[in-house]
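Single-letter residue listing:
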Amino acid sequence: MIMDSKHIEYTVIDITEPGQEAEKDFMQTNAQHKGCTISDPNPRHALPPQLFNDTEYCGDYDDFDMANEVDNLEVFLKLAAPAPEPEHKNGDESAPATDAAAEDEDENKENKTEDNGAAGDGAETTEGANEV
């Protein structure tokens, strides 16, 4: 459910199903955490669930849960790090300048409007003073 919500593709392998003996052996051989429990503090084999990225061991459920809690799941699963969101759109490096220019233009329009309004007021007062 967590990996679904993060749009991470995965395959569930149920090692209890008939025909999954090779996967069970692989898990027990390659898992580094043995998953001790209260009833079995020194297990001989790793207990499911164990997580792998292809054949590379990632960790057990406790490791998975901790990585999720600290928002480090992609690193834990040995996935490519998410690319930082670019500051510009569609790979166009001039986009930030365009956005900045558009913001400056909008700001200049506001300033010109304010300047024109102020100049208009001042001009009317001056003209009115000259007329008197």
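Quick notes on the rules
- Residues numbered from 1 in each chain as written.
- Predicted model: local features only at pLDDT ≥ 70, side-chain atom pairs only at ≥ 80, totals over all residues.
- Heavy atoms only, no water.
- UniProt positions renumbered as here; feature names shortened; annotations may be inferred.
- Helix = DSSP H or I, 4+ residues; strand = E, 2+ residues; numbered from the N terminus.
- Contact = heavy atoms within 4.5 Å.
- Areas by Shrake-Rupley, 256 points an atom, 1.4 Å probe, with all protein chains shown as cover.
- Salt bridge = Lys/Arg side-chain N within 4 Å of Asp/Glu carboxyl O.
- Buried < 20%, exposed > 50% of the residue type's maximum accessible area, 1.4 Å probe, protein only.
- Pairing = 2+ DSSP bridges.
- Core = buried A, V, L, I, M, F, W, Y, C linked by side-chain atoms within 4.5 Å.

- The name given to the protein in an unreviewed UniProt entry is SH3 domain-binding glutamic acid-rich-like protein, and the organism recorded there is Anopheles culicifacies.
- Recorded under Sequence similarities (unreviewed entry), the UniProt text for the protein is reproduced unchanged: "Belongs to the SH3BGR family."

## Remarks on the overall build of the protein
- Helix and strand counts for the protein stand at five helices and two strands.
- Here the analysis covers contacts within the protein between residues at least 6 apart in sequence; of these, 32% occur between residues at least 24 apart.
- With the model as given, the accessible surface of the protein reaches about 10,600 Å², and the carbon-plus-sulfur share is 49%.

## Topic: the pattern of salt bridges
- Evaluated as defined, the whole model comprises one salt bridge.
- For the salt bridge of Lys 6 with Asp 71, the shortest nitrogen-to-oxygen distance reads 3.8 Å. With Lys 6 in the loop between helix H1 (2-5) and helix H2 (21-30) and Asp 71 in the loop between helix H3 (61-69) and helix H4 (73-76), the pair connects residues that are 65 residues apart, well separated along the chain.
- Judged by relative accessible area, which is 30%, Lys 6 ranks as partly exposed.
- Residue class for Asp 71 comes out exposed when judged on its relative accessible area of 58%.

## Looking at the pairing of strand S1 (residues 50-53)
- Two strands pair when backbone bridges link them, and S1 and strand S2 (residues 56-60) are joined in this way by four bridges, in the antiparallel orientation. Bridging across to S2, Asn 53 finds its partner in Glu 56.
- Joining the antiparallel neighbours S1 and S2 is a turn of two residues, in which Asp 54 adopts a positive phi near 55°.

## Points about the environment of Glu 23
- You can see Glu 23 is positioned in helix H2.
- Considering only alpha carbons, one finds Glu 23 and Ile 13, 10 residues apart in sequence, at a separation of 7.6 Å.
- Not counting residues up to four positions away in its chain, the partners in contact with Glu 23 are Ile 13 and Ile 15.

## Quick look at the environment of Met 66
- Along the chain, Met 66 turns up in helix H3.
- For Met 66, a relative accessible area of 51% gives the class exposed.
- Linking Met 66 and Phe 76, residues 10 residues apart in sequence, is a C-alpha distance of 9.4 Å.

## Here's the deal with unusual backbone geometry
- Of the consecutive residues Pro 48 and Pro 49, the connecting peptide bond is found in the cis state with omega at 0°.
- Relative to the elements of secondary structure, Pro 49 occurs in the loop between H2 and S1.
- Within the chain, Asp 54 stands out as a residue other than glycine whose phi angle is a positive 55°.
- Here Lys 78, not a glycine, exhibits a phi torsion of approximately 55°, which is positive.
- If you trace the backbone, Lys 78 turns up in the loop between H4 and helix H5 (95-131).

## Remarks on the nonpolar core
- Core analysis: the biggest nonpolar cluster contains nine residues, these being Met 3, Ile 8, Leu 51, Cys 58, Phe 64, Ala 67, Leu 73, Phe 76 and Leu 77.
- Put simply, the parts of the chain that give this core at least two residues each are H3 and H4.
- With near-sequence residues (within four places) excluded, Ala 67 lies in contact with Asn 72, Leu 73 and Phe 76.

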